[in-house]
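Results of the structural survey
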Amino acid sequence: PASLFVVPITDGAPVPLSKKHNFLLEEEANIYTGGGQALIPVLKNEDDAFISLLQVDLFSFTFSIQHSSTSMLTGLDLSADGSMVAVTAENAGLFTLWSGKTAQIAVSSPGETLYSPVFSKDRQRIFVLRQKEGQPADFCVAAANSAGLTELFSGVLPPDTSLGQTFAHRFSIFEPETE
């Protein structure tokens, strides 16, 4: 498994992020950054079945585990200012994490999974895909600070897993610049 290193720009020599812990990364781990923070899905040890979320302060290189999942994660995003995390998990729903607190924004119904949360630029909304077993997905939006989902449209085809695609490959959010 991959390990986590920091490469300083000035001398370019890789330095292990932690000398105390050897967090393990999946082969193609995504690193989410925003507001001087990085969020990295990690395994705490080789026997871990579920992903934990490691938050790293990119200025002091201090880190903490923000969330340890009890089910398989189906997506996560870090807000642009680095203050809030959105997480979707199999058979659980959509959650937000901030300042050591957790809020459940949406609950998955039986046979339904939420995927690939994405924050709006202003951190007020979260876009997410909702899929009922064997059906195309619905593209939904939720307020980041209260419960409930609103369907915007349906018919998003599932990813081709034989090509390594995930639901995160199925859409991107583009918001116009506002003055």
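Scroll up to find the structure this text is about.
**Overview of the sheet that holds strand S7 (residues 73-78)**
Sheet strands pair via backbone hydrogen bonds, and the direction of the pair is either parallel or antiparallel. With antiparallel pairing, 4 strands are arranged side by side in an open sheet as S7-S8-S9-S10. A strand with exactly one partner marks an edge of an open sheet, and here the two such strands are S7 and strand S10 (101-107). Neighbour to neighbour, the strand axes of the sheet diverge by 20 degrees on average, direction disregarded. With 6 bridges joining them, strand S9 (residues 93-98) and S10 adopt antiparallel strand pairing. Residue Leu97 lies in a different strand from S10, and its bridge partner there is Thr102.

**Things to note about the pattern of salt bridges**
A complete count under the given rule lists 4 salt bridges for this structure. Across the pair Asp81 and Arg123 runs a salt bridge, and its minimum N-O distance is 3.6 Å. Here the residue Asp81 occupies a position in the loop between S7 and strand S8 (85-89), and Arg123 occupies one in the loop between strand S11 (112-119) and strand S12 (125-132), the gap between them amounting to 42 residues. A relative accessible area of 41% means that Asp81 is categorised as partly exposed. Arg123 gets classed as partly exposed once you look at its relative accessible area, which sits at 28%. Its salt-bridge partner being Arg130, residue Glu151 comes within 3.1 Å of it at the nearest N-O pair. Linking Glu151 in strand S14 (residues 150-156) with Arg130 in strand S12, this pair joins segments that are 21 residues apart in sequence. Put simply, Glu112, Arg130, Asp138 and Glu151 are held in one network by salt bridges that share partners.

**Some details on the sheet that holds strand S3 (residues 32-34)**
With antiparallel pairing, 4 strands are arranged side by side in an open sheet as S3-S4-S5-S6. Strand pairing shows two members of the sheet lacking a second neighbour, S3 and strand S6 (63-68), which therefore form its edges. Between one strand axis and the next, the sheet turns by 25 degrees as a mean value, whatever way the strands run. Where strand S5 (residues 52-57) and S6 come together, 5 bridges link them in antiparallel fashion. The residue of S6 that forms the bridge with Ser52 is Ser68.

Rules used throughout
- Residues numbered from 1 in each chain as written.
- Predicted model: local features only at pLDDT ≥ 70, side-chain atom pairs only at ≥ 80, totals over all residues.
- Heavy atoms only, no water.
- Pairing = 2+ DSSP bridges.
- Helix = DSSP H or I, 4+ residues; strand = E, 2+ residues; numbered from the N terminus.
- Axes fitted to C-alpha atoms, helices over the stretch in contact; angles between N-to-C directions.
- Salt bridge = Lys/Arg side-chain N within 4 Å of Asp/Glu carboxyl O.
- Buried < 20%, exposed > 50% of the residue type's maximum accessible area, 1.4 Å probe, protein only.

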